[in-house]
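The chain contents come next:
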Amino acid sequence: MKTKPLLASLLRIVMGVLAVCALGAIGYAVWQPGLEVKDGRHDRGANGIWLAHGWLGADSWFVDNGKQSEMARYRSPDSVKALASKLKAHGIKDVFPHLCPTDYKGEIAGVSPVHVETFLDAFGDFRVIPWVGGVKDSSVRMANPGWRKGFAQSISKLVADHPRLAGVQVNVEPLPVGTPEFLLLLEEVRAAMPATKVLSVAAYPPPTRWHPFPEIHWDESYFREVSRRCDQMAVMMYDAGQDYGKAYQHLMRGWTSEVLQWSEGAEVLLGVPAYHDAGVGYHNPKVENIPNALKGIHRGLEDAGLPSSYQGIAIYSEWETSDDEWQYLKEHFLKAH
C-alpha cells in the first residue's frame, strides 16, 4: 500500500527537476549578453592585426623552417601592395609582423632589410609595429640582466636601421601575473627607443573563474603596472577554454569594460580570434570566433561608453582570417568605407 505514495513522491521530484531545467533553458534562450551592431559606431578606423613572419623576416627563416616555396609570395611587391590594400579597406591601422623568437643573447629575429623597406613603402598609411619576444624562460630570459640589455639594444638597432617603423610590440607567453622582470624589461626597452616610437604589449585579459590559469590572466594591479610602462595594450581576449557562445560573449563583455578601465591612458586594442585551433582544449573555434567576440565587445563598449583609451580591435591572425570572416567584420563592426 506504500507504493502509490512513493510513486507520487518520485513523480513530484521528477516534475520539479524538469521544471527547473525548463526554466533554465528558457532563461538561457532569452539571455542576451552580446549585442549586434551594424552601424559602425564602435569602429574608429584604427584597428590592428597580427601578421606572419615572412613579410619582414630574413631569408634564412624560410630555409630554416622549410618554407622556401612561400618566399616568392612574401617577397613580391605586388603581394605586399595587395595586403596593404586589403587591410586598409577593413579599417586596419596598426600591423604587427612577427619577428620572434629572440635568441639566447636577447637578439630579436633577423630581418631582410630590403624587404622591410619594400614593406614600409607600401604601408605608409599604417603604423608598422613588429611583434617581438617569445616563450618565457626559453627564448625569453627576462630574469637575466644581460639578456634584457641585449634585447633592448637589438630593438634600438632595428628602429634606428628602419626609422619608418612605428615601434615594437613585446609578446611573452606565458606570462604569470605579477612577474617583476617583465616590468623591468619594458622599462629598458622604453629607454632604448626614441620617445616617439610606440611600445606596444601583447597583454593578457583579466582573471575569470571559468578559466583559472594565472599564467595567462592579469589582475587589475598588474595590468595597470604594465599599462603605465607602455603606449598600447593589445589584449589577447581568447584561448579562454569556452564551450558556449553566450558564455564567451559574456566574458568578452566584462573583459572589455575592465581593460578599458585599467589601461592608465594607454591605447587599448581588444584582441579577437580568427584562427581554427580545434581540439587543443583551450580554444574552441566554434565558440571563440569573430561573431561571438564582436557581440561581447559591442555590449561591453555600450557599457563602457567609448573612453578615449579605446582604439579598436586587433585580429589574430591575418593568415587565418577567411573571406567569410572579413565579410562578417564589414557587416558587424566596420564603418562604411
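Residues numbered from 1 in each chain as written. Predicted model: local features only at pLDDT ≥ 70, side-chain atom pairs only at ≥ 80, totals over all residues. Heavy atoms only, no water.

**Q** Can you walk me through the overall build of the protein in this structure?
**A** When its secondary structure is counted, the protein shows 11 helices and 9 strands. Along the first, second and third principal axes, the C-alpha atoms of the protein reach 90 × 45 × 40 Å. Put simply, the protein has 337 residues, and 49% of those count as buried. Residue pairs at least 24 apart in sequence account for 80% of intrachain contacts in the protein once pairs closer than 6 positions are excluded. Taken as a whole, the protein presents about 15500 Å² of accessible surface, with 57% of it coming from carbon and sulfur. The protein carries 34 positive and 39 negative side-chain charges, and their two centres are separated by 5 Å. (Helix = DSSP H or I, 4+ residues; strand = E, 2+ residues; numbered from the N terminus. Buried < 20%, exposed > 50% of the residue type's maximum accessible area, 1.4 Å probe, protein only. Contact = heavy atoms within 4.5 Å. Areas by Shrake-Rupley, 256 points an atom, 1.4 Å probe, with all protein chains shown as cover. Lys, Arg positive; Asp, Glu negative; His and termini not counted. Charge placed at Lys NZ, Arg CZ, Asp CG, Glu CD.)

**Q** Is there a simple way to think about empty space enclosed by the protein in this case?
**A** It is the rolling of a water-molecule-sized probe over the atoms that shows where space remains empty. Counted according to the given criterion, the structure contains 1 cavity of 30 Å³ or more. Looking at the largest cavity, the residues that line it are Trp55, Tyr74, Arg75, Val80, His115, Thr118 and Phe119. Only α3 (71-75) and α5 (113-122) provide two or more residues apiece to the lining of the largest cavity. The element best represented in the lining of the largest cavity is α5, accounting for 3 residues. Class assignment of the residues belonging to the lining of the largest cavity gives a composition of 4 nonpolar, 2 polar and 1 charged. (1 Å grid on protein atoms, 1.4 Å probe; cavity = no way out; pocket = protein on both sides within 12 Å on 5 of 7 lines; lining within 4 Å. Points joined across faces, edges and corners; volume = space filled by probe spheres on them. Nonpolar A, V, L, I, M, F, W, Y, C, P; charged D, E, K, R; others polar.)

**Q** Please clarify how the packing of aromatic side chains should be interpreted in this entry.
**A** Here a ring pair, both rings aromatic, is described through the centre-centre distance and the interplanar angle of the planes. Under the counting rule described, the total for this entry stands at 19 aromatic pairs. For the ring pair Trp55 and Phe119, a centre distance of 6.3 Å and an interplane angle of 50° mean the geometry is tilted. Of this pair, Trp55 sits in the loop between β1 (47-51) and α2 (59-64) while Phe119 sits in helix α5; the two residues are 64 residues apart in sequence, bridging distant segments of the chain. By the burial criterion, Trp55 is buried, and Phe119 matches it. Relative to Tyr74, the ring of Phe62 lies with its centre 6.0 Å away and its plane at 50°, an arrangement referred to as tilted. In this pair, Phe62 sits in helix α2 while Tyr74 sits in helix α3, placing the two residues 12 residues apart along the sequence. On the basis of relative accessible area, Phe62 is assigned to the buried category, the value being 0%. By way of ring pairs, the aromatic residues Trp50, Phe96, Trp131, Tyr238, Tyr275, Tyr316 and Trp319 are connected into one cluster. (Phe/Tyr/Trp six-rings, centres within 6.5 Å; stacked < 30°, edge-to-face > 60°.)

**Q** What's the story with the layout of surface pockets in this structure? I'm lost.
**A** A volume near 710 Å³ is recorded for the largest pocket. Along its surface, the largest pocket is lined by 32 residues, and Glu173, Met236, Tyr238, Asp239 and Tyr316 are the ones closest to its centre. Of all elements in the fold, only β4 (131-135) and β5 (167-173) reach the threshold of two or more residues within the lining of the largest pocket. Examining the composition of the lining of the largest pocket, we find that 3 residues originate from one element, β4, more than from any other. When its residues are assigned to classes, the lining of the largest pocket shows 19 nonpolar, 7 polar and 6 charged. Of the volumes computed, that of the second largest pocket is approximately 160 Å³. Across the lining of the second largest pocket, the residue classes break down as 4 nonpolar, 3 polar and 3 charged.

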